[in-house]
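Fold and contact review
The chain contents come next:
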Amino acid sequence: MSKALEGIRVVDLTVWFQGPVAAQHLADFGADVIKVERPQGGDQGRGVRSIKSLEVGDWNQYFLVINRNKKSMAIDLKKAEGQEILYRLIEKSDVFLSNLSPELLANWNLSYDKLASINPRLVYATNTGYGRFSTASKPSFDMTVQALTGAMARLGEPGQPPIYMGMGSGDAFGGIMSALGIMLALYQRLRTGKGQYLDASLYGAQLYLAAPHLQSFLAGHRESALQQSRKQVKNPLWNLYPTRGKWVYVCEPNRDDRFAAVGRALAAAGMLRDPRFADAAGRATHNEALIEVIENATRQLGHEEIMASFKREGVIASPINNLADVIRDEQAWRNRYFMKTYCEEVDRDVDVRGMPITLSKTPGELRCLGPQLGQDTELLMMELLDYPWEEIEAMKAKGAIP
Amino acid sequence: MSRALDDVIVLDFGRQFFTALSAAFLADFGARVIRLDALPAQSVEARPGPVRWNHEADLIHRNKESLALDLRSSQGQAVLRDLVAKADVVVTDWQRDELAAAGLDYAGVTSSRPDIVYGRLSGFGPSGPDADLPAIDELAAARTGMMPILPQPGQPPVYTGSGAMHASVMMAFGIVMALFHRRVTGEGQEVDVSLFGANMYGAALDLQAFLAIGKGDRLLNPISRLDVSNPMSGALYPSADGRWVTLTMPDTDRWWPVFSRMVGIADDDPRFDTHDKRTETHRLELIQALEQAFQRHPGAYWRQAFMDNQMSADVIEQFDYPASDPQVVANRYILELDHPSFGKVKSLGFPIFMSDSTARLERLAPCVGQHGGQVLHELLGYSAETIHQLAAAGVVA
């Protein structure tokens, strides 16, 4: 099977989550991604051993999944000799990606100007915290940046604490944004032959996480910034309801025929006769009353019973599942959103997140999980960078490589 | 200046916000995006009161052209075939039976443009028993497993909408990648991104953890903010003025000497003097101590203190913060623009900076059919007479 990014080589100087996941998207579609790490300990993500006080299991799924399909070189970039190795790698590469700070990259002589002087075709991509033209100098982590966007403060019931969208949620979004930028630059280069500099920051990306609401706020709808109660949504037919079991999400427009279908499914004859709910305008005006009436009906039933009735009446709805449900969801496995792959660390197959983007002729592939620190250093220096063995020995002696 | 997608023509007939936004990202970077609006136009319900800015259209349809076309007529179908033959990309979110009926499914489109890149945003992916469920983000999010664990215990599940935004960007990424492959090999293909799959990527770490471990109450039930695993990471505390503070300092050893002083706890307090004590044996005690400590000063005080100490911590803001943050304007994440009808307004800008393919706002959302004549003439080479006839017959507007 052919690969979309066959022949594209990426130098991946990233740590933690946003940067690695950006490069992972490229690696999944066939780019040759070489992760460059510090010899001592490598990417900090290798050290993650617990999530929410749970052991991550016997294999490091934090690191190994977002660094899958990659090679690893361990190079000490604080040393001039290490920088020389990287320059040679840059000559043979198409993309340089880093989520280290621009100041740090400059200190290591890895600025855009420097690397572009070595390879003018290079696409040089950064993931800054707050943007290329920002004067903010403070650390940037997923949740602290999400906090600034206003996206957390509008979630949850009024009076409840703000809500974080899940571990890695903002990083994952910043990662795909970065991958999009890199593809745009690679595509442009096919015509122009020239590389360029690009940045997708964690802040800039996350401002789009709540795009419809932020845009509405910018247009003067102040309430878009605030928490809204589920008991006050304008269309009671598009809302979530508690049952004796799981919650269900009903997704129907406020139309007479859909209202009738929901009423039949819930055997709520009184609701259908209530003159307040006789037309769309009435249902919007008396939305809080209608939500209460629907809720009184749904609370009497289990979610499976309700879903069977909804199905019979053609009402569009879903039970609100938990993670134990989703990992068994046939739809996810059939579309390769989940995949099984061999994990060397535990010598067995493990379950991983798969390919969220389906390309019909050049599908993403899972060749291997994340590399061991520096596993490809010597081989790549010999075969790709043409270093004679004596020079590799000399580099070791100088501590540029382990 | 050359722009990334200068040579790309996109036919956009998505119906939903996030699909249209995907095509807008392509337009921002130079693609010629023609929005196909169906005729007859749906009557818009007149709202009482002054006309308000259509802020949504000016975000998701910016930089696009519009052609209004009646697909029910054979003449309209012929125009559509000509258009498809000139297009490099289509973007849609219709159901598969609707696409087939309109001749706009992959088979239909490739009969006039074999190497097209065909982007479809689906609800649940191209395969499997639920491939034809509607593309509704709430349905997809409900299936993804994260909604019950986002709020505090006892609270209703939370729908964030972020999955749809992931889908938007993933679709644009998939399309450009397919264009890249086409330019190298000449081969077009289908790109499917589903709301279900995209929501799963939003649920990145929790979901992968559960896949790997296969159990764990803390991944199935909400965790109280007063029971977080690490009091210094992922925690939320109210400050004196009610504004919330959040901390991400997983490596507590590194930060404790400075942090403890900042919050008024002795750094050698024997209850908290090791990482294990802070995150395990005395975890709940530390959470309570921090709950007290942060209530001593208002949010602004803590922001300054975090900044002074270069700590990964901040105050949780509402939208007014980015709306007035000079960094946001400097990076063009939000644009200040002079709207022809509504004067100075702010609108979401460009999340990606590219040095040689600067994203530009060349025009606001088109009126329905605004570029009909131009598209038919320039792109399809129709004569003025033909265009006139089509317009008179109500096929285009």
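Residues numbered from 1 in each chain as written. Chains lettered and ligands numbered in written order. Predicted model: local features only at pLDDT ≥ 70, side-chain atom pairs only at ≥ 80, totals over all residues.

Scanning chain A from N- to C-terminus turns up 18 helices and 14 strands. With the principal axes as the frame, chain A shows a C-alpha extent of 90 × 50 × 45 Å. For chain A, buried positions account for 55% of its 402 residues. Residue pairs at least 24 apart in sequence account for 71% of intrachain contacts in chain A once pairs closer than 6 positions are excluded. (Helix = DSSP H or I, 4+ residues; strand = E, 2+ residues; numbered from the N terminus. Buried ≥ 20, exposed ≤ 12 C-beta atoms within 10 Å, placed from the backbone. Contact = placed C-beta atoms within 7 Å.)

All names here are of chain B. The strand order across the open sheet built from 3 strands is 7-8-9, with neighbouring strands paired in antiparallel fashion. Where the open sheet ends on each side, the last strands, each with one partner, are strand 7 (233–238) and strand 9 (313–315). Each strand axis lies, on average, 15° off the axis of its neighbour in the sheet, ignoring direction. One ladder, built from 5 bridges, connects strand 7 with strand 8 (residues 244–248); its direction is antiparallel. Each residue of the ladder has a partner; that of alanine 235, found in strand 8, is leucine 247. Its contacts with the sheet place helix 13 (residues 283–294) against strand 7 and strand 8, and it is angled at close to 45° to strand 7. Against the sheet, helix 14 (residues 299–308) engages strand 8 and strand 9, with an angle of about 155° to strand 9. (Pairing = 2+ DSSP bridges. Axes fitted to C-alpha atoms, helices over the stretch in contact; angles between N-to-C directions.)

Attention now moves to unusual backbone geometry. The step from B:Leu39 to B:Pro40 runs through a cis peptide bond, and the omega angle for that step is -5°. As for its placement among the helices and strands, B:Pro40 is situated in the loop between strand 2 (32–38) and helix 2 (55–60). In this structure, A:Asp347 is a non-glycine residue whose phi angle is positive, near 55°. Assignment of secondary structure puts A:Asp347 in the loop between strand 12 (338–343) and strand 13 (348–353). According to the C-beta neighbour criterion, A:Asp347 is exposed, with 8 such atoms within 10 Å. Phi at A:Asp386 is positive, roughly 60°, even though this residue is not glycine. Here A:Asp386 shows up in the loop between helix 17 (377–383) and helix 18 (389–397).

This paragraph deals with the domain arrangement of chain B. Each domain of chain B was delimited in the assignment, giving domain 1 (9–202 + 328–392) and domain 2 (225–238 + 244–315). Taking the mean C-alpha position of each, domain 1 of chain B and domain 2 of chain B sit 45 Å from one another. (Domains from an automatic or database assignment.)

Across the sheet, 3 strands lie side by side as 9-10-11 (chain A); this open sheet has antiparallel pairing. Two strands lie at the open edges of the sheet, namely strand 9 (238–241) and strand 11 (317–319) of chain A, each paired on one side alone. Across the sheet, the axes of successive neighbouring strands diverge by a mean angle of 15°, strand direction being ignored. Strands strand 10 (248–251) and strand 11 of chain A of the sheet are contacted by helix 14 (residues 303–313) of chain A, whose axis makes an angle of about 160° with strand 11 of chain A. Docked against the sheet, helix 6 (residues 137–144) of chain B engages strand 10 and strand 11 of chain A, running at close to 165° with respect to strand 10 of chain A.

On to the environment of A:Leu366. All names here are of chain A. You can see leucine 366 is positioned in the loop between strand 14 (357–359) and helix 17. Here leucine 366 falls in the partly exposed class, since 19 other C-beta atoms lie within 10 Å of it. Note: C-alpha distance between leucine 366 and asparagine 235 (131 residues apart in sequence) is 43 Å. If we ignore the near neighbours within four places in the chain, the residues touching leucine 366 are Arg68, Asn69, Met339, Thr341 and Gly354.

Moving on, we come to the packing of helix 10 (residues 256–265) of chain A against helix 14 of chain A. Residue and element names in this part refer to chain A. At a closest axis distance of 9 Å, the pairing of helix 10 and helix 14 adopts a crossing angle of 140°. With respect to helix 14, the axis of helix 10 lies oblique. At the point where helix 10 passes helix 14, the crossing takes the right-handed sense. Residues Ala261, Arg264 and Ala265 of helix 10 form the contact with helix 14, whose participating residues are Ser309, Phe310, Arg312 and Glu313. (Parallel < 35°, antiparallel > 145°, perpendicular 65-115°, else oblique. Left-handed = near helix turned anticlockwise from the far one by under 90°.)

All names here are of chain A. Side chains Val123 and Ala125 of strand 7 (residues 123–126) all project onto a buried face; the interleaved residues Tyr124 and Thr126 project onto the opposite face, where all are buried too. Direction of pairing for strand 6 (residues 95–98) relative to strand 7: parallel, over a ladder of 4 bridges. Residue pairing for strand 7: serine 98 is matched across the bridge by threonine 126. Alignment of strand 7 against strand 8 (residues 196–200), held across 4 bridges, turns out to be parallel. Bridging across to strand 8, tyrosine 124 finds its partner in tyrosine 197.

Moving on: the domain arrangement of chain A. Under the domain assignment used here, chain A contains domain 1 (9–210 + 335–397) and domain 2 (230–324). In this structure, domain 1 of chain A and domain 2 of chain A have C-alpha centres spaced 44 Å apart.

The subject of this paragraph is helix 8 (residues 195–202) of chain B. When you tally the buried positions in helix 8 of chain B, you get 8 out of 8 residues, the bulk of the element. When helix 8 of chain B is considered as a whole, its buried residues turn out to be B:Leu195, B:Phe196, B:Gly197, B:Ala198, B:Asn199, B:Met200, B:Tyr201 and B:Gly202.

Across the contact, 119 residues belong to chain B and 116 residues belong to chain A. Broken down by element, the residue count for the side of chain B that touches chain A peaks at 15 residues, all from helix 7 (residues 162–185) of chain B. Considered class by class, the residues forming the side of chain B that touches chain A number 69 nonpolar, 33 polar and 17 charged. (Nonpolar A, V, L, I, M, F, W, Y, C, P; charged D, E, K, R; others polar.)

Next up on the list: the packing of helix 6 (residues 142–149) of chain A against helix 7 (residues 169–192) of chain A. Residue and element names in this part refer to chain A. Across the interface, helix 6 lies against helix 7 with an axial gap of 8 Å and an inter-helix angle of 85°. One element, helix 6, and the other, helix 7, form an angle in the roughly perpendicular class. Between helix 6 and helix 7, the residues in contact are Asp142, Val145 and Gln146 and Ser169, Gly170 and Asp171, respectively.

What follows is about the nonpolar core. Grouped together as the largest cluster of nonpolar side chains are 247 residues, with contacts concentrated most on A:Leu180, A:Met183, B:Val10, B:Leu26, B:Phe173 and B:Val176. The biggest single contributor to this core is helix 7 of chain B, with 14 residues. Residues within four places of A:Leu180 in sequence aside, it is in contact with B:Val169, B:Ala172, B:Phe173, B:Val176 and B:Ile352. (Core = buried A, V, L, I, M, F, W, Y, C linked by C-beta atoms within 7 Å.)

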